[in-house]
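# Summary of the model geometry
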Amino acid sequence: MAHSLSAKKRVKQNAKRRTINRARKSQVKTQIKHFETTVSKGDVETASKQFQLVVKKLDKTAATSTMHKRTAARKKSRLAKELNALKAKKG
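This report concerns the structure included in the present document. Sequence positions are assigned chain by chain, starting from 1 and proceeding in written order. With pLDDT at 70 or above as the cut-off, local features in this predicted model cover only qualifying residues; side-chain atom pairs require 80 or more to be listed or tallied, and sums for whole chains, interfaces and linings still use all residues. Based on all heavy atoms of the structure, the side-chain values leave hydrogens and waters out of the count.

Before going further, it helps to examine the overall build of the protein. Helices and strands together make up the secondary structure of the protein, namely three helices and zero strands. Runs of E in the DSSP output that reach at least two residues are strands. Runs of H or I that reach at least four are helices, and both are numbered from the N terminus. Along the chain direction, N to C, the helices and strands of the protein fall in the order α-α-α. Overall, the C-alpha framework of the protein stretches about 65 × 20 × 15 Å when taken along its three principal axes. When a residue's accessible area, from a 1.4 Å probe over protein chains only, is under 20% of the maximum for its type it is buried; when over 50% it is exposed; and in between it is partly exposed. Among the 91 residues that make up the protein, the fraction classed as buried is 24%.

Structure below.
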């Protein structure tokens, strides 16, 4: 248990940041799931829109250092690969 005032404050701040970070990561995961369901349905147009939303969410999350920028870039790249494969299949 923290004894000094600054350590107690740090504990509170860490708890607050943790909840915010978890919420952001959860939103990203949900957005990715929505994208993957549209890809599995085979709807190219909706998948493209979902991809843009996922990219936006990933960029915002990476900008706030909840997620490292390279992790976000890697996820975007993998999702873009899925979308391009769908477009090629439908194309």
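What follows picks up the thread again.
Here Leu83 lies in helix α3 (residues 69-90). For Leu83 and Val44, which are 39 residues apart along the polypeptide, the C-alpha to C-alpha distance reads 7.7 Å. The contact definition used throughout considers only heavy atoms, calling two residues in contact when any of these lie within 4.5 Å. Residues within four places of Leu83 in sequence aside, it is in contact with Phe35, Val44, Ala47, Ser48 and Phe51.

Turning to the packing of aromatic side chains, a few remarks are in order. Note on aromatic contacts: the rings of Phe and Tyr and the six-membered ring of Trp form a pair at centre separations within 6.5 Å, being stacked when their planes are under 30 degrees apart, edge-to-face when over 60 apart, and tilted otherwise. Counted by the stated rule, this structure contains one aromatic pair. For the pair Phe35 and Phe51, a centre-to-centre distance of 5.9 Å together with 50° between the ring planes defines the contact as tilted. Of this pair, Phe35 sits in helix α1 (residues 5-41) while Phe51 is found in helix α2 (residues 44-63), placing the two residues 16 residues apart along the sequence. The two residues Phe35 and Phe51 agree in class, both being buried.

Take the nonpolar core next. One finds Phe35, Ala47, Phe51, Val54, Leu58 and Leu79 to be the most contacted residues of the largest nonpolar core, which totals 15 residues. Elements that contribute at least two residues to this core include exactly α1, α2 and α3. A per-element tally of this core places α2 first, with six residues. Each residue touching Phe51, except ones within four places of it in the same chain, is listed here: Phe35, Lys76, Leu79, Ala80 and Leu83. In this text, buried Ala, Val, Leu, Ile, Met, Phe, Trp, Tyr and Cys residues form a nonpolar core when linked through side-chain atoms within 4.5 Å.

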